[in-house]
Amino acid sequence: MKISAIILSAGNSTRYLSSKPKVFHELSGQKLIDFNISLLNKYKEIKSCHIITNTALKENFINLGYKNISIQSPINGTGGAIAQFVSKNNIKADYYLICLGDTPIFNKKTIDALIKKTKNQKLDINVLGQNLDNPFGYGRLIIENKNLKAIVEEKNCNIEQKKISTINTGIFLLSKRALLLSKKIKKDVQKKEYLLTDLIKIGLEHKYKVSYSLNAYEKIMGANTIEEMQHLQNQLQTSIIQSLMSKGVQFENPLTTFISHDAVIDKDVYIESNVVIKNHVKIKQGSLIKSFSYLEDCIIGKDCNIGPFARIRPGTLLEDDVKIGNFVEIKKSNLKKGVKVNHLSYVGDSKIGVNTNIGAGTITCNYDGKKKFKTTIGDNCFIGSNSSIVAPVTIANKAYVGAGSVITKNVPSNSLAIARVKQKHFKI
Ligand code: UD1
Ligand code: CA
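Residues numbered from 1 in each chain as written. Chains lettered and ligands numbered in written order. Predicted model: local features only at pLDDT ≥ 70, side-chain atom pairs only at ≥ 80, totals over all residues. Heavy atoms only, no water.

## Overview of the packing of aromatic side chains
Applying the stated criterion to the full structure yields seven aromatic pairs. Ring centres of Phe61 and Tyr66 lie 5.3 Å apart, and the angle between their planes is 75 degrees; this geometry places the pair in the edge-to-face category. The residues Phe61 and Tyr66 share a single accessibility class, namely buried. Aromatic side chains Phe309 and Phe327 sit 5.1 Å apart centroid to centroid with 20 degrees between the ring planes, which places their arrangement in the stacked category. Remark: Phe327 occurs in the loop between strand S24 (323-326) and strand S25 (328-331) and Phe309 occurs in the loop between strand S21 (305-306) and strand S22 (310-312); sequence separation between them is 18 residues. Ring pairs connect the aromatic residues Phe24, Phe61 and Tyr66, which therefore count as one cluster. Over the aromatic face of Tyr43 sits the side chain of Lys108, whose NZ or CZ is 4.5 Å from the ring centroid. The side chain of Lys372 reaches across the aromatic face of Tyr367, ending 5.0 Å from its centre. (Phe/Tyr/Trp six-rings, centres within 6.5 Å; stacked < 30°, edge-to-face > 60°. Buried < 20%, exposed > 50% of the residue type's maximum accessible area, 1.4 Å probe, protein only. Helix = DSSP H or I, 4+ residues; strand = E, 2+ residues; numbered from the N terminus. Lys NZ or Arg CZ within 6 Å of the ring centre and 35° of its normal.)

Below, the structure written as structure tokens:
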């Protein structure tokens, strides 16, 4: 069974009050639309994934590297979007999976089940339905004797229909011939647009096999407003944190912690309150991340101790047993096993050898206003407090730097470098 996916993203997002298109808003570090794209990419039988968008958004999609962009013009509803797609494209797949750009699917089992039932029962139309405590705003599934008869949009529902709690998630699996029927959808009088949901009635009129699946694996919600987007964000954070807990990660207060969707955190890591873990972070077994630390695109080795108030910036690799204390910033640096930077320091573009101690207030001066330069500090060094290490510079193994030094020249191994004004005393 060859499937093509279509993601509808051409709506004007009038309810979403932001100048940034809603599908590009990030949820736990991933663009809203990318949740569906990355899920669909996992299927071998899904040969292509088309994004339907509007003329204004086309450039954004192209600049961000998205492929298979199809333009809907005019914007005339979800049914109009599919009908326009059908008339502009060669329809050759056996099935078409319709997803919505503003409605992310998080769990692969959801789509697995939809495909399985469609295949087994040779359905032409399979709608993914879902029961909601508060169905307000969604299209309702009209089911009689377990048969789907129609989908009615909120605006078109009568009082009885408004009480129905089984809603349309917006996700459909359509046979090729059912997709072609989209051309027969008529303009809805109330909404003044073509509704894809009307395909149910048209399919039944044509004696096609129409059914629905009830979603059992997650709550699928659309993000029409900023509030709904926030709701999705909360839902996703809860599931990321639950999944980490199930693998042995512990939290002091998970409600105050932000964790990106792609964080890889080993068991026996303990995360205190108010920690932010942005994209591409790996934390190995036994490490402790103390409060108010902010980590981004970095690797933290085993049994490290980070924070409180530490900032670990992109390109940083901390090997095992490293200690980073309060008000310390590390950028694009490799700190070997046992390094300690305990207080008030900036380490950037640096390599620091095993067991070296960086004293309080040490700054690697890596930038001359135009270019960035590297600092190399060897194994077992001791850098005295309040030193400025002016890059490019190398401090060899077992070297000492006296407190308050400004180091501008390489320091040989087993030596003590002092570069500061001598203390004088004046009688007063
Ligand atoms: C839609 C469904 C509703 C369902 C809900 C689930 C229809 C008519 N309604 O309502 O039954 O319960 O999703 O979240 O399908 N879009 C286009 N072109 C258009 C209009 C919309 O591509 O002309 C896109 C939008 O960008 C969006 C998606 O289709 O990603 C859904 O459109 P939206 O206006 O948000 O529909 P809902 O009112 O949420
Ligand atoms: Ca929507």
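## So, the sheet that holds strand S33 (residues 382-383)
Spatially, the 10 strands line up as an open sheet ordered S12-S15-S18-S21-S24-S27-S30-S33-S36-S38, and their pairing is parallel. The strands lining the two open edges of the sheet, one partner per strand, are strand S12 (250-251) and strand S38 (416-417). (Pairing = 2+ DSSP bridges.)

## Details of the site of ligand 1
In the vicinity of ligand 1 there are 23 residues, among which Leu8, Gln72, Gly77, Glu153 and Asn168 approach most closely. In the environment of ligand 1, an oxygen atom lies 2.9 Å from a nitrogen or oxygen atom belonging to the backbone of Gly11. The fraction of the free accessible surface of ligand 1 (750 Å²) that becomes covered by protein chains is 91%. For the shell around ligand 1, the secondary structure elements donating two or more residues are helix H3 (78-88) and strand S10 (166-175). In terms of residue class, the shell around ligand 1 is made up of seven nonpolar, 13 polar and three charged. (Near = heavy atom within 4 Å. Polar contact = N/O pair within 3.5 Å; in protein donor to acceptor, adjacent residues only side chain to side chain. Areas by Shrake-Rupley, 256 points an atom, 1.4 Å probe, with all protein chains shown as cover. Nonpolar A, V, L, I, M, F, W, Y, C, P; charged D, E, K, R; others polar.)

## Here's the deal with the pairing of strand S7 (residues 125-131)
Among the seven residues in S7, six count as buried, and that is most of the element. As paired elements, S7 and S10 share six bridges and run antiparallel to each other. Its bridge partner lying in S10, Asn126 is registered against Leu173. When S7 meets strand S11 (residues 210-214), the two strands line up parallel, connected through five bridges. Across the sheet, the residue bridging to Val127 is Tyr212, located in S11.

## Re the coordination of the calcium ion (ligand 2)
Distances from the calcium ion (ligand 2) to its protein donors, Asp102 (OD) and Asn224 (OD1), fall within 2.3 to 2.4 Å. Of the two residues, Asp102 is situated in the loop between strand S6 (95-100) and helix H4 (108-120) and Asn224 in the loop between S11 and helix H8 (226-246); the sequence distance between them amounts to 122 residues. (Donors = N, O, S within 2.8 Å, 3.2 Å for Na, K, Ca; no water.)

## Things to note about the environment of Lys67
Along the chain, the position of Lys67 falls in the loop between helix H2 (55-63) and strand S5 (69-71). Between the C-alpha atoms of Lys67 and Tyr95, which are 28 residues apart in sequence, the distance is 20 Å.

## Re the pattern of salt bridges
Under the definition given, this model contains 10 salt bridges. When the shortest N-O distance is used, the salt bridge between Glu319 and Lys336 registers 3.5 Å. Taken together, the residues span a long stretch of sequence, with Glu319 in the loop between strand S23 (316-318) and S24 and Lys336 in the loop between strand S26 (334-335) and strand S27 (340-343) at a distance of 17 residues. Since its relative accessible area comes to 23%, Glu319 is described here as partly exposed. Note on Lys336: relative accessible area 25%, which makes it partly exposed. In this structure, Lys337 and Asp321 form a salt bridge, with 2.8 Å as the shortest nitrogen-oxygen distance. Of the two residues, Lys337 is situated in the loop between S26 and S27 and Asp321 in the loop between S23 and S24; the sequence distance between them amounts to 16 residues. Take Lys337: its relative accessible area is 43%, and that puts it in the partly exposed class. (Salt bridge = Lys/Arg side-chain N within 4 Å of Asp/Glu carboxyl O.)

## A look at a nonpolar patch on the surface
Where nonpolar side chains cluster on the molecular surface, the patch consists of Phe292, Phe309, Phe327 and Leu344 and spans about 410 Å² of accessible area. Of note, Leu344 is situated in the loop between S27 and strand S28 (346-348). A relative accessible area of 49% places Leu344 in the partly exposed class. (Patch = residues over 30% accessible without salt bridge, like charges linked within 9 Å, V, L, I, M, F, W, Y side chains within 5 Å.)

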